[in-house]
Amino acid sequence: MTSIPIMPIPGHVDPVPVPRDVTPRADGRVDLIGLPRPRIAELFAEAGLDAKAAKLRAKQVFHWLYHRGVTDFDAMTDIAKTMRPWLAERFVIGRPEIVTAQVSSDGTRKWLLQTADGHDFEMVFIPDADRGTLCVSSQVGCTLNCRFCHTGTMRLVRNLTPGEIVGQVMLARDALSEWPKGSMAGLEEDEDERTYTSDGRLLTNIVMMGMGEPLYNFDNVRDALKLVMDGDGLALSKRRITLSTSGVVPMMERCGEEIGVNLAVSLHAVTKDVRDEIVPINRKFGLDQLLQACSDYPGASNARRITFEYVMLKDKNDSDDDARELVRLIRQYKLPAKVNLIPFNPWPGAPYECSTPERIKRFAEIVFEAGISAPVRTPRGRDIDAACGQLKTAAQKMSRAELDRLADEKQAALG
Ligand code: SAH
Ligand code: SF4
(Lines give C-alpha, C1' and ligand atoms only; values in the text may rest on other atoms or scores of the structure.)
(Ligands and ions follow the chains in the order given, each with its own letter.)
Protein backbone atom coordinates (compact mmCIF):
# COMPACT_ATOMS: atom_id res chain seq x y z
CA MET A 1 0.00 0.00 0.00
CA THR A 2 1.35 3.41 -0.83
CA SER A 3 0.75 5.85 1.93
CA ILE A 4 0.96 9.59 1.55
CA PRO A 5 3.37 11.25 3.93
CA ILE A 6 1.29 13.05 6.51
CA MET A 7 3.26 15.57 8.50
CA PRO A 8 3.48 15.09 12.23
CA ILE A 9 1.29 17.83 13.61
CA PRO A 10 2.96 19.85 16.34
CA GLY A 11 1.17 20.17 19.66
CA HIS A 12 -0.05 17.48 21.97
CA VAL A 13 -2.98 16.30 19.90
CA ASP A 14 -3.24 15.79 16.18
CA PRO A 15 -5.84 18.32 15.10
CA VAL A 16 -7.28 16.11 12.38
CA PRO A 17 -9.48 13.12 12.46
CA VAL A 18 -7.05 10.81 10.63
CA PRO A 19 -7.47 11.55 6.92
CA ARG A 20 -8.10 8.72 4.51
CA ASP A 21 -5.23 7.06 2.74
CA VAL A 22 -4.87 7.25 -1.03
CA THR A 23 -6.16 4.16 -2.80
CA PRO A 24 -3.48 2.77 -5.16
CA ARG A 25 -4.36 2.36 -8.85
CA ALA A 26 -6.02 -0.94 -9.67
CA ASP A 27 -3.72 -1.60 -12.67
CA GLY A 28 -0.58 -1.28 -10.53
CA ARG A 29 0.98 1.38 -12.75
CA VAL A 30 2.68 4.32 -11.09
CA ASP A 31 1.56 7.89 -11.76
CA LEU A 32 4.64 9.97 -12.57
CA ILE A 33 2.94 13.31 -11.91
CA GLY A 34 4.02 14.68 -8.56
CA LEU A 35 7.39 12.92 -8.55
CA PRO A 36 10.70 14.78 -8.59
CA ARG A 37 13.37 13.90 -11.15
CA PRO A 38 15.53 11.72 -8.81
CA ARG A 39 12.49 9.62 -7.86
CA ILE A 40 11.62 9.09 -11.51
CA ALA A 41 15.21 7.94 -12.13
CA GLU A 42 14.95 5.56 -9.17
CA LEU A 43 11.74 4.03 -10.54
CA PHE A 44 13.28 3.63 -13.98
CA ALA A 45 16.27 1.86 -12.40
CA GLU A 46 13.97 -0.39 -10.38
CA ALA A 47 12.17 -1.26 -13.60
CA GLY A 48 15.44 -2.43 -15.16
CA LEU A 49 17.38 0.46 -16.71
CA ASP A 50 21.02 0.83 -15.74
CA ALA A 51 21.82 3.86 -13.57
CA LYS A 52 23.11 6.09 -16.36
CA ALA A 53 20.21 5.36 -18.72
CA ALA A 54 17.72 5.80 -15.88
CA LYS A 55 19.11 9.23 -15.11
CA LEU A 56 19.09 10.38 -18.72
CA ARG A 57 15.58 9.04 -19.38
CA ALA A 58 14.33 10.63 -16.17
CA LYS A 59 15.64 13.99 -17.29
CA GLN A 60 13.98 13.67 -20.69
CA VAL A 61 10.68 12.41 -19.29
CA PHE A 62 10.65 15.09 -16.57
CA HIS A 63 11.02 17.76 -19.21
CA TRP A 64 8.20 16.34 -21.32
CA LEU A 65 5.92 16.01 -18.30
CA TYR A 66 6.38 19.27 -16.51
CA HIS A 67 7.73 21.63 -19.13
CA ARG A 68 5.90 20.50 -22.24
CA GLY A 69 2.82 19.10 -20.55
CA VAL A 70 2.48 15.98 -22.69
CA THR A 71 -0.02 13.40 -21.48
CA ASP A 72 1.07 10.54 -23.70
CA PHE A 73 4.43 8.74 -23.79
CA ASP A 74 4.06 8.50 -27.57
CA ALA A 75 4.56 12.26 -27.85
CA MET A 76 8.06 12.00 -26.34
CA THR A 77 9.83 12.15 -29.66
CA ASP A 78 13.41 11.98 -28.38
CA ILE A 79 12.71 8.68 -26.63
CA ALA A 80 13.17 5.58 -28.78
CA LYS A 81 9.91 4.33 -30.32
CA THR A 82 10.45 0.91 -28.74
CA MET A 83 10.87 2.38 -25.31
CA ARG A 84 7.61 4.33 -25.27
CA PRO A 85 5.37 1.26 -24.83
CA TRP A 86 7.77 0.02 -22.13
CA LEU A 87 7.06 3.25 -20.25
CA ALA A 88 3.32 3.12 -20.89
CA GLU A 89 3.10 -0.41 -19.45
CA ARG A 90 4.58 0.66 -16.18
CA PHE A 91 3.67 4.29 -15.73
CA VAL A 92 0.85 6.75 -16.28
CA ILE A 93 0.74 10.50 -16.73
CA GLY A 94 -2.15 11.45 -14.48
CA ARG A 95 -4.34 14.51 -14.33
CA PRO A 96 -7.18 15.09 -11.91
CA GLU A 97 -10.38 14.20 -13.73
CA ILE A 98 -12.65 17.11 -14.69
CA VAL A 99 -16.20 16.52 -13.47
CA THR A 100 -17.60 19.92 -14.49
CA ALA A 101 -16.20 23.22 -15.73
CA GLN A 102 -18.10 26.48 -15.24
CA VAL A 103 -17.50 30.04 -16.40
CA SER A 104 -18.78 33.04 -14.44
CA SER A 105 -20.23 36.15 -16.06
CA ASP A 106 -17.01 37.95 -15.00
CA GLY A 107 -14.76 35.40 -16.73
CA THR A 108 -13.79 33.50 -13.57
CA ARG A 109 -13.68 29.76 -14.18
CA LYS A 110 -14.28 26.98 -11.71
CA TRP A 111 -13.53 23.30 -12.17
CA LEU A 112 -14.96 20.52 -10.10
CA LEU A 113 -12.23 17.89 -10.11
CA GLN A 114 -12.00 14.33 -8.92
CA THR A 115 -9.09 12.27 -7.63
CA ALA A 116 -8.46 8.82 -9.11
CA ASP A 117 -10.04 7.31 -5.97
CA GLY A 118 -13.23 9.33 -6.35
CA HIS A 119 -12.98 12.41 -4.10
CA ASP A 120 -14.19 15.79 -5.36
CA PHE A 121 -12.36 19.09 -4.96
CA GLU A 122 -12.31 22.46 -6.72
CA MET A 123 -9.95 24.79 -8.54
CA VAL A 124 -10.62 28.38 -9.68
CA PHE A 125 -8.99 30.59 -12.33
CA ILE A 126 -9.37 34.36 -12.03
CA PRO A 127 -8.37 36.35 -15.11
CA ASP A 128 -7.49 40.03 -14.74
CA ALA A 129 -6.24 42.63 -17.18
CA ASP A 130 -2.59 42.27 -16.15
CA ARG A 131 -2.48 38.77 -14.65
CA GLY A 132 -4.26 35.46 -14.28
CA THR A 133 -4.43 33.78 -10.91
CA LEU A 134 -5.02 30.11 -10.30
CA CYS A 135 -6.50 29.27 -6.92
CA VAL A 136 -5.30 25.79 -5.97
CA SER A 137 -6.70 23.37 -3.35
CA SER A 138 -4.52 21.50 -0.88
CA GLN A 139 -7.03 19.21 0.83
CA VAL A 140 -10.41 17.61 0.14
CA GLY A 141 -12.38 19.39 2.85
CA CYS A 142 -10.47 21.18 5.59
CA THR A 143 -8.83 20.37 8.90
CA LEU A 144 -10.33 23.52 10.40
CA ASN A 145 -13.73 25.12 10.67
CA CYS A 146 -13.57 28.88 10.34
CA ARG A 147 -17.14 30.01 10.95
CA PHE A 148 -17.51 32.13 7.79
CA CYS A 149 -16.04 29.56 5.38
CA HIS A 150 -18.11 27.04 3.47
CA THR A 151 -15.18 24.62 3.11
CA GLY A 152 -14.94 24.62 6.92
CA THR A 153 -18.33 22.89 7.08
CA MET A 154 -16.81 19.83 5.37
CA ARG A 155 -14.93 17.11 7.14
CA LEU A 156 -11.33 16.61 6.12
CA VAL A 157 -11.64 13.75 3.65
CA ARG A 158 -7.98 13.54 2.81
CA ASN A 159 -4.87 15.49 1.97
CA LEU A 160 -4.22 15.97 -1.73
CA THR A 161 -1.02 14.32 -2.97
CA PRO A 162 1.79 16.32 -4.62
CA GLY A 163 0.55 14.98 -7.97
CA GLU A 164 -3.00 16.15 -7.34
CA ILE A 165 -1.73 19.59 -6.30
CA VAL A 166 0.71 20.16 -9.18
CA GLY A 167 -1.86 18.39 -11.39
CA GLN A 168 -4.23 21.33 -10.90
CA VAL A 169 -1.67 23.72 -12.35
CA MET A 170 -1.02 21.34 -15.24
CA LEU A 171 -4.71 20.98 -15.92
CA ALA A 172 -5.08 24.76 -16.01
CA ARG A 173 -2.25 24.97 -18.55
CA ASP A 174 -4.02 22.28 -20.60
CA ALA A 175 -7.31 24.21 -20.46
CA LEU A 176 -5.67 27.52 -21.36
CA SER A 177 -3.41 25.93 -24.03
CA GLU A 178 -0.38 27.40 -22.37
CA TRP A 179 2.33 24.80 -22.68
CA PRO A 180 5.51 26.12 -24.31
CA LYS A 181 5.72 24.98 -27.90
CA GLY A 182 8.81 24.30 -29.92
CA SER A 183 11.14 21.51 -30.80
CA MET A 184 12.96 19.23 -28.41
CA ALA A 185 15.81 18.79 -30.85
CA GLY A 186 19.21 19.09 -29.26
CA LEU A 187 18.17 18.52 -25.66
CA GLU A 188 21.45 17.33 -24.20
CA GLU A 189 21.92 15.85 -20.80
CA ASP A 190 23.14 18.99 -19.12
CA GLU A 191 21.31 21.52 -21.20
CA ASP A 192 19.31 23.93 -19.12
CA GLU A 193 16.14 25.17 -20.75
CA ARG A 194 14.96 28.07 -18.66
CA THR A 195 13.03 29.76 -21.37
CA TYR A 196 9.54 29.84 -19.92
CA THR A 197 8.45 33.32 -18.99
CA SER A 198 5.13 34.70 -17.91
CA ASP A 199 5.10 37.41 -20.58
CA GLY A 200 1.83 37.48 -22.42
CA ARG A 201 0.46 34.42 -20.64
CA LEU A 202 -2.90 33.97 -19.04
CA LEU A 203 -1.81 31.95 -16.02
CA THR A 204 0.79 34.08 -14.26
CA ASN A 205 0.16 33.62 -10.52
CA ILE A 206 -0.75 30.85 -8.13
CA VAL A 207 -2.43 31.19 -4.77
CA MET A 208 -2.81 28.28 -2.35
CA MET A 209 -6.24 29.55 -1.36
CA GLY A 210 -8.58 26.84 -2.56
CA MET A 211 -10.01 24.15 -0.33
CA GLY A 212 -7.99 23.18 2.71
CA GLU A 213 -5.29 24.45 5.03
CA PRO A 214 -2.00 24.09 3.13
CA LEU A 215 0.18 24.08 6.23
CA TYR A 216 -1.65 21.02 7.55
CA ASN A 217 -0.52 19.23 4.38
CA PHE A 218 2.95 20.72 4.41
CA ASP A 219 5.09 18.00 2.79
CA ASN A 220 2.78 17.49 -0.16
CA VAL A 221 2.28 21.22 -0.75
CA ARG A 222 6.04 21.79 -0.59
CA ASP A 223 6.83 18.94 -2.98
CA ALA A 224 4.18 20.14 -5.44
CA LEU A 225 5.32 23.76 -5.33
CA LYS A 226 8.92 22.71 -5.90
CA LEU A 227 7.79 21.20 -9.21
CA VAL A 228 5.88 24.38 -10.02
CA MET A 229 9.02 26.47 -9.33
CA ASP A 230 11.54 24.12 -11.00
CA GLY A 231 13.20 25.92 -13.92
CA ASP A 232 12.88 22.79 -16.04
CA GLY A 233 9.41 22.08 -14.67
CA LEU A 234 6.54 24.52 -14.70
CA ALA A 235 9.07 27.31 -14.12
CA LEU A 236 6.92 29.78 -12.24
CA SER A 237 8.82 32.17 -9.97
CA LYS A 238 8.28 31.90 -6.22
CA ARG A 239 7.46 35.59 -6.30
CA ARG A 240 4.32 34.74 -8.20
CA ILE A 241 3.16 32.14 -5.70
CA THR A 242 1.31 32.94 -2.47
CA LEU A 243 0.43 30.48 0.26
CA SER A 244 -2.42 31.41 2.56
CA THR A 245 -2.65 30.02 6.09
CA SER A 246 -5.22 30.46 8.81
CA GLY A 247 -2.28 30.57 11.23
CA VAL A 248 -0.56 27.20 11.66
CA VAL A 249 2.24 28.92 13.58
CA PRO A 250 4.64 25.95 14.01
CA MET A 251 4.87 25.43 10.24
CA MET A 252 5.33 29.04 9.14
CA GLU A 253 9.11 29.16 9.48
CA ARG A 254 9.51 25.95 7.48
CA CYS A 255 7.19 27.37 4.85
CA GLY A 256 9.52 30.33 4.38
CA GLU A 257 12.66 28.24 4.48
CA GLU A 258 11.68 25.20 2.48
CA ILE A 259 9.22 26.70 0.01
CA GLY A 260 10.08 30.41 0.06
CA VAL A 261 6.82 31.65 -1.43
CA ASN A 262 4.89 34.78 -0.44
CA LEU A 263 2.84 34.43 2.72
CA ALA A 264 -0.75 35.45 3.27
CA VAL A 265 -2.29 35.13 6.71
CA SER A 266 -6.02 34.89 7.33
CA LEU A 267 -6.13 37.29 10.25
CA HIS A 268 -9.79 38.38 10.14
CA ALA A 269 -9.91 39.68 13.70
CA VAL A 270 -7.74 41.68 16.09
CA THR A 271 -9.08 40.60 19.48
CA LYS A 272 -8.80 37.20 21.10
CA ASP A 273 -12.55 36.84 21.62
CA VAL A 274 -13.54 37.52 18.03
CA ARG A 275 -10.70 35.54 16.46
CA ASP A 276 -11.36 32.59 18.79
CA GLU A 277 -14.92 32.60 17.48
CA ILE A 278 -14.40 33.04 13.76
CA VAL A 279 -10.96 31.42 13.23
CA PRO A 280 -10.96 28.74 15.94
CA ILE A 281 -7.32 27.72 15.39
CA ASN A 282 -6.69 30.94 17.33
CA ARG A 283 -7.53 29.03 20.51
CA LYS A 284 -4.44 26.91 19.87
CA PHE A 285 -2.08 29.48 18.34
CA GLY A 286 -3.03 32.95 19.60
CA LEU A 287 -2.62 36.37 18.00
CA ASP A 288 0.70 37.17 19.70
CA GLN A 289 2.30 33.92 18.58
CA LEU A 290 0.91 34.39 15.08
CA LEU A 291 2.15 37.94 14.66
CA GLN A 292 5.55 37.00 16.07
CA ALA A 293 5.78 34.18 13.51
CA CYS A 294 4.92 36.71 10.80
CA SER A 295 7.61 39.03 12.00
CA ASP A 296 10.09 36.09 11.88
CA TYR A 297 8.92 34.86 8.46
CA PRO A 298 12.02 34.13 6.36
CA GLY A 299 12.18 36.33 3.30
CA ALA A 300 9.60 38.91 4.34
CA SER A 301 10.73 42.47 3.62
CA ASN A 302 9.32 45.76 2.41
CA ALA A 303 9.71 44.43 -1.11
CA ARG A 304 7.99 41.14 -0.21
CA ARG A 305 5.26 42.01 2.21
CA ILE A 306 3.07 39.64 4.17
CA THR A 307 -0.58 39.93 3.16
CA PHE A 308 -3.13 40.00 5.96
CA GLU A 309 -6.50 38.82 4.75
CA TYR A 310 -9.42 40.35 6.56
CA VAL A 311 -12.96 39.23 5.77
CA MET A 312 -15.49 42.00 6.41
CA LEU A 313 -18.28 40.69 8.66
CA LYS A 314 -21.09 43.02 9.61
CA ASP A 315 -20.96 44.11 13.28
CA LYS A 316 -18.40 41.42 14.05
CA ASN A 317 -14.95 42.71 13.12
CA ASP A 318 -15.60 45.87 11.09
CA SER A 319 -15.60 48.82 13.54
CA ASP A 320 -13.30 51.84 13.47
CA ASP A 321 -11.71 50.48 16.65
CA ASP A 322 -10.98 47.19 14.91
CA ALA A 323 -9.25 49.06 12.07
CA ARG A 324 -7.19 51.12 14.52
CA GLU A 325 -6.22 48.00 16.48
CA LEU A 326 -5.13 46.34 13.24
CA VAL A 327 -2.83 49.26 12.52
CA ARG A 328 -1.48 49.19 16.06
CA LEU A 329 -0.67 45.48 15.89
CA ILE A 330 1.07 45.80 12.52
CA ARG A 331 3.18 48.61 13.96
CA GLN A 332 3.86 46.84 17.25
CA TYR A 333 5.33 43.84 15.44
CA LYS A 334 7.02 46.08 12.83
CA LEU A 335 5.51 43.98 10.08
CA PRO A 336 6.15 44.62 6.40
CA ALA A 337 2.45 44.17 5.71
CA LYS A 338 -0.37 44.90 3.36
CA VAL A 339 -4.00 44.26 4.18
CA ASN A 340 -6.46 42.65 1.80
CA LEU A 341 -10.04 43.45 2.74
CA ILE A 342 -12.37 40.71 1.52
CA PRO A 343 -16.11 41.40 1.40
CA PHE A 344 -17.74 38.35 2.97
CA ASN A 345 -19.06 35.96 0.32
CA PRO A 346 -22.34 34.41 1.41
CA TRP A 347 -23.26 30.73 1.23
CA PRO A 348 -26.46 28.92 2.25
CA GLY A 349 -26.83 28.86 6.02
CA ALA A 350 -23.84 31.10 6.73
CA PRO A 351 -24.10 32.70 10.17
CA TYR A 352 -22.77 36.14 9.08
CA GLU A 353 -23.53 39.00 6.72
CA CYS A 354 -21.18 41.16 4.71
CA SER A 355 -20.36 44.63 6.08
CA THR A 356 -21.94 47.56 4.21
CA PRO A 357 -19.90 49.16 1.40
CA GLU A 358 -19.66 52.40 3.48
CA ARG A 359 -18.27 50.47 6.46
CA ILE A 360 -15.72 48.68 4.30
CA LYS A 361 -14.70 51.99 2.76
CA ARG A 362 -14.22 53.65 6.17
CA PHE A 363 -12.26 50.65 7.50
CA ALA A 364 -10.00 50.73 4.46
CA GLU A 365 -9.43 54.48 4.87
CA ILE A 366 -8.30 54.14 8.48
CA VAL A 367 -5.74 51.48 7.57
CA PHE A 368 -4.64 53.32 4.44
CA GLU A 369 -4.24 56.64 6.24
CA ALA A 370 -1.80 54.88 8.59
CA GLY A 371 0.40 54.20 5.57
CA ILE A 372 -0.59 50.57 5.05
CA SER A 373 -1.91 49.45 1.68
CA ALA A 374 -5.49 48.19 2.14
CA PRO A 375 -7.23 47.37 -1.13
CA VAL A 376 -10.74 45.94 -1.06
CA ARG A 377 -10.83 42.72 -3.04
CA THR A 378 -13.54 42.62 -5.68
CA PRO A 379 -15.50 39.41 -5.28
CA ARG A 380 -15.04 37.20 -8.34
CA GLY A 381 -17.14 34.34 -9.60
CA ARG A 382 -19.89 34.66 -6.98
CA ASP A 383 -22.55 33.54 -9.48
CA ILE A 384 -20.88 30.12 -9.78
CA ASP A 385 -19.89 29.88 -6.09
CA ALA A 386 -16.23 30.30 -6.99
CA ALA A 387 -15.47 33.25 -4.70
CA CYS A 388 -13.33 33.03 -1.54
CA GLY A 389 -14.88 30.74 1.02
CA GLN A 390 -17.64 29.43 -1.25
CA LEU A 391 -15.88 26.24 -2.29
CA LYS A 392 -17.53 23.12 -1.07
CA THR A 393 -18.01 19.83 -2.82
CA ALA A 394 -20.84 17.38 -2.44
CA ALA A 395 -20.15 16.11 1.01
CA GLN A 396 -23.26 15.09 2.86
CA LYS A 397 -25.75 17.87 3.59
CA MET A 398 -25.71 18.58 7.30
CA SER A 399 -28.23 20.24 9.58
CA ARG A 400 -27.23 23.18 11.77
CA ALA A 401 -27.01 20.84 14.78
CA GLU A 402 -24.76 18.47 12.84
CA LEU A 403 -22.57 21.37 11.74
CA ASP A 404 -22.19 22.49 15.35
CA ARG A 405 -21.27 18.94 16.32
CA LEU A 406 -18.68 18.82 13.53
CA ALA A 407 -17.22 22.13 14.71
CA ASP A 408 -16.98 20.76 18.27
CA GLU A 409 -15.34 17.60 16.96
CA LYS A 410 -12.68 19.51 14.99
CA GLN A 411 -12.19 21.81 17.97
CA ALA A 412 -11.72 18.95 20.42
CA ALA A 413 -9.12 17.48 18.09
CA LEU A 414 -7.25 20.79 18.14
CA GLY A 415 -6.72 20.40 21.91
N1 SAH B 1 -7.11 27.65 4.45
C2 SAH B 1 -6.36 28.76 4.01
C3 SAH B 1 -6.51 29.06 2.55
C4 SAH B 1 -7.87 28.91 1.92
S5 SAH B 1 -9.11 30.10 2.25
C6 SAH B 1 -6.70 29.98 4.83
O7 SAH B 1 -7.67 29.93 5.58
O8 SAH B 1 -5.98 30.95 4.75
C9 SAH B 1 -8.68 31.55 1.29
C10 SAH B 1 -9.17 32.85 1.93
O11 SAH B 1 -10.60 33.02 1.80
C12 SAH B 1 -8.88 32.93 3.42
O13 SAH B 1 -8.38 34.17 3.78
C14 SAH B 1 -10.24 32.70 4.00
O15 SAH B 1 -10.32 33.16 5.30
C16 SAH B 1 -11.13 33.45 3.03
N17 SAH B 1 -12.55 33.12 3.16
C18 SAH B 1 -13.08 31.97 3.62
N19 SAH B 1 -14.44 32.04 3.58
C20 SAH B 1 -14.76 33.25 3.09
C21 SAH B 1 -16.00 33.89 2.77
N22 SAH B 1 -17.16 33.27 2.95
N23 SAH B 1 -15.97 35.13 2.25
C24 SAH B 1 -14.77 35.74 2.02
N25 SAH B 1 -13.59 35.18 2.28
C26 SAH B 1 -13.56 33.95 2.81
FE1 SF4 C 1 -10.13 25.88 6.19
FE2 SF4 C 1 -9.16 28.25 5.30
FE3 SF4 C 1 -11.80 27.71 5.25
FE4 SF4 C 1 -10.55 28.13 7.58
S5 SF4 C 1 -10.82 29.64 5.90
S6 SF4 C 1 -12.04 26.50 7.15
S7 SF4 C 1 -8.59 27.16 7.21
S8 SF4 C 1 -10.23 26.67 4.08
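Just above sits the structure.
Structure report, in brief.

**Some details on the overall build of the protein chain**
Line of reasoning, step 1. Secondary structure summary: the protein chain contains eleven helices and 13 strands in total.
Line of reasoning, step 2. Burial statistics for the protein chain: of 415 residues in total, 55% are counted as buried.
Line of reasoning, step 3. Taking contacts inside the protein chain between residues at least 6 apart in sequence as the whole, the part at least 24 apart equals 69%.
Line of reasoning, step 4. Carbon together with sulfur atoms contributes 51% to the accessible area of the protein chain, which is approximately 18,100 Å² in total.

**Digging into the packing of aromatic side chains**
Line of reasoning, step 1. Tallied over the entire structure, the rule returns four aromatic pairs.
Line of reasoning, step 2. Each ring, one from F62 and one from Y66, has its centre 4.7 Å from the other, and the planes form 55°; the classification is tilted. Here F62 and its partner Y66 are both found in helix α2 (residues 51-68), four residues apart, which amounts to about one turn of the helix. Judged on exposure class, the residue F62 and its partner Y66 are both buried.
Line of reasoning, step 3. Each ring, one from Y310 and one from F363, has its centre 5.0 Å from the other, and the planes form 35°; the classification is tilted. Here Y310, found in strand β12 (residues 306-312), pairs with F363, found in helix α10 (residues 357-369); they are 53 residues apart in sequence, far enough to count as distant.
Line of reasoning, step 4. Given the relative accessible area of 1%, Y310 is considered buried.

**Structural notes on helix α1 (residues 37-46)**
Line of reasoning, step 1. Those residues of α1 that fall on the buried side of the exposure criterion are I40, A41, L43 and F44. Along the axis of α1, the buried residues cluster in a sector spanning 160°; they form a single face. In this structure, α1 carries P38 and E46 as exposed residues pointing more than 90 degrees from its buried face.
Line of reasoning, step 2. Next to the buried residues of α1 lie β1 (30-31), α2, α3 (83-90) and β2 (91-92).
Line of reasoning, step 3. Of the residues trailing α1, G48 is marked for its positive phi of about 125°.

**Here's the deal with the site of ligand 1**
Line of reasoning, step 1. Residues in close proximity to ligand 1 total 21 residues, the closest being F148, G212, S244, S266 and H268.
Line of reasoning, step 2. S266 has a polar side-chain atom sitting 2.6 Å from an oxygen atom of ligand 1.
Line of reasoning, step 3. One nitrogen or oxygen atom from the main chain of N345 is found 2.9 Å from a nitrogen atom belonging to ligand 1.
Line of reasoning, step 4. Look at ligand 1: alone it shows 530 Å² of surface, and the protein chains cover 95% of it.

**Some remarks on the site of ligand 2**
Line of reasoning, step 1. Around ligand 2 sit C142, L144, C146, C149, G152, G212, E213 and S246, and that is every residue in its neighbourhood.
Line of reasoning, step 2. Looking at the shell around ligand 2, its residues break down into four nonpolar, three polar and one charged.

**Regarding the environment of P180**
Line of reasoning, step 1. With respect to the helices and strands, the residue P180 is situated in the loop between α4 (162-175) and β9 (205-208).
Line of reasoning, step 2. On a C-alpha basis, the gap between P180 and H67 in space is 7.2 Å, while along the polypeptide they are 113 residues apart.

**Focus: the side chain of H150**
Line of reasoning, step 1. Within the secondary structure, H150 is located in the loop between β7 (139-140) and β8 (158-159).
Line of reasoning, step 2. Discounting residues that sit within four places of it in the chain, H150 has contacts with W347, P348, G389, Q390, L391 and K392.

**Notes on unusual backbone geometry**
Line of reasoning, step 1. The residue S177 is not glycine, and still its phi comes out positive at about 50°.
Line of reasoning, step 2. Locating S177 in the fold gives a position in the loop between α4 and β9.
Line of reasoning, step 3. With a phi angle near 50°, K334 is a residue other than glycine that sits in the positive phi range.
Line of reasoning, step 4. Note on placement: K334 falls in the loop between α9 (320-332) and β13 (337-343).

**Describing the pairing of β12**
Line of reasoning, step 1. Of all the seven residues making up β12, seven are buried; the element is thus mostly covered by neighbouring parts of the structure.
Line of reasoning, step 2. Side chains of β12 alternate between two faces, with I306, F308, Y310 and M312 and T307, E309 and V311 buried alike.
Line of reasoning, step 3. Note that strand β11 (residues 262-266) and β12 share three bridges and pair parallel. By the bridge assignment, V265 is partnered in β12 with F308.
Line of reasoning, step 4. As defined by bridge partners, β12 adjoins β13 across seven bridges and the pair is classed as parallel. Paired with M312 across the bridge in β13 is P343.
Line of reasoning, step 5. You can see the chain leave β12, run along α9 and come back into β13, and the turn it takes is right-handed.

**Things to note about the nonpolar core**
Line of reasoning, step 1. The biggest cluster of nonpolar side chains holds 119 residues, and the ones touching the most others in it are F148 and F308.
Line of reasoning, step 2. Of the residues forming this core, the biggest block, seven residues, is contributed by α2.
Line of reasoning, step 3. Residue contributions to this core reach at least three from each of two domains, namely domain 1 (30-93) and domain 2 (97-410).
Line of reasoning, step 4. Those residues within four positions of F148 in sequence are excluded, and the remaining contacts are H268, I278, V279, V311, L313, F344, W347 and Y352.

**Description of the packing of α4 against helix α5 (residues 218-229)**
Line of reasoning, step 1. The N-to-C vectors of α4 and α5 enclose an angle of 40°; their axes lie 8 Å apart at closest approach. Here α4 lies oblique to α5, going by the angle between them. For the crossing formed where α4 meets α5, the hand is right-handed. In this structure, α4 uses P162, I165, V166 and V169 to contact α5, whose residues at the interface are N220, V221, D223, A224, L227 and V228.

Definitions and cut-offs
Residues numbered from 1 in each chain as written. Chains lettered and ligands numbered in written order. Predicted model: local features only at pLDDT ≥ 70, side-chain atom pairs only at ≥ 80, totals over all residues. Heavy atoms only, no water. Helix = DSSP H or I, 4+ residues; strand = E, 2+ residues; numbered from the N terminus. Buried < 20%, exposed > 50% of the residue type's maximum accessible area, 1.4 Å probe, protein only. Contact = heavy atoms within 4.5 Å. Areas by Shrake-Rupley, 256 points an atom, 1.4 Å probe, with all protein chains shown as cover. Phe/Tyr/Trp six-rings, centres within 6.5 Å; stacked < 30°, edge-to-face > 60°. Arc of directions from axis to C-beta. Near = heavy atom within 4 Å. Polar contact = N/O pair within 3.5 Å; in protein donor to acceptor, adjacent residues only side chain to side chain. Nonpolar A, V, L, I, M, F, W, Y, C, P; charged D, E, K, R; others polar. Pairing = 2+ DSSP bridges. Right-handed = clockwise from strand over helix to strand, strands pointing away. Core = buried A, V, L, I, M, F, W, Y, C linked by side-chain atoms within 4.5 Å. Domains from an automatic or database assignment. Axes fitted to C-alpha atoms, helices over the stretch in contact; angles between N-to-C directions. Parallel < 35°, antiparallel > 145°, perpendicular 65-115°, else oblique. Left-handed = near helix turned anticlockwise from the far one by under 90°.

Geometric values such as these leave the question of function open.
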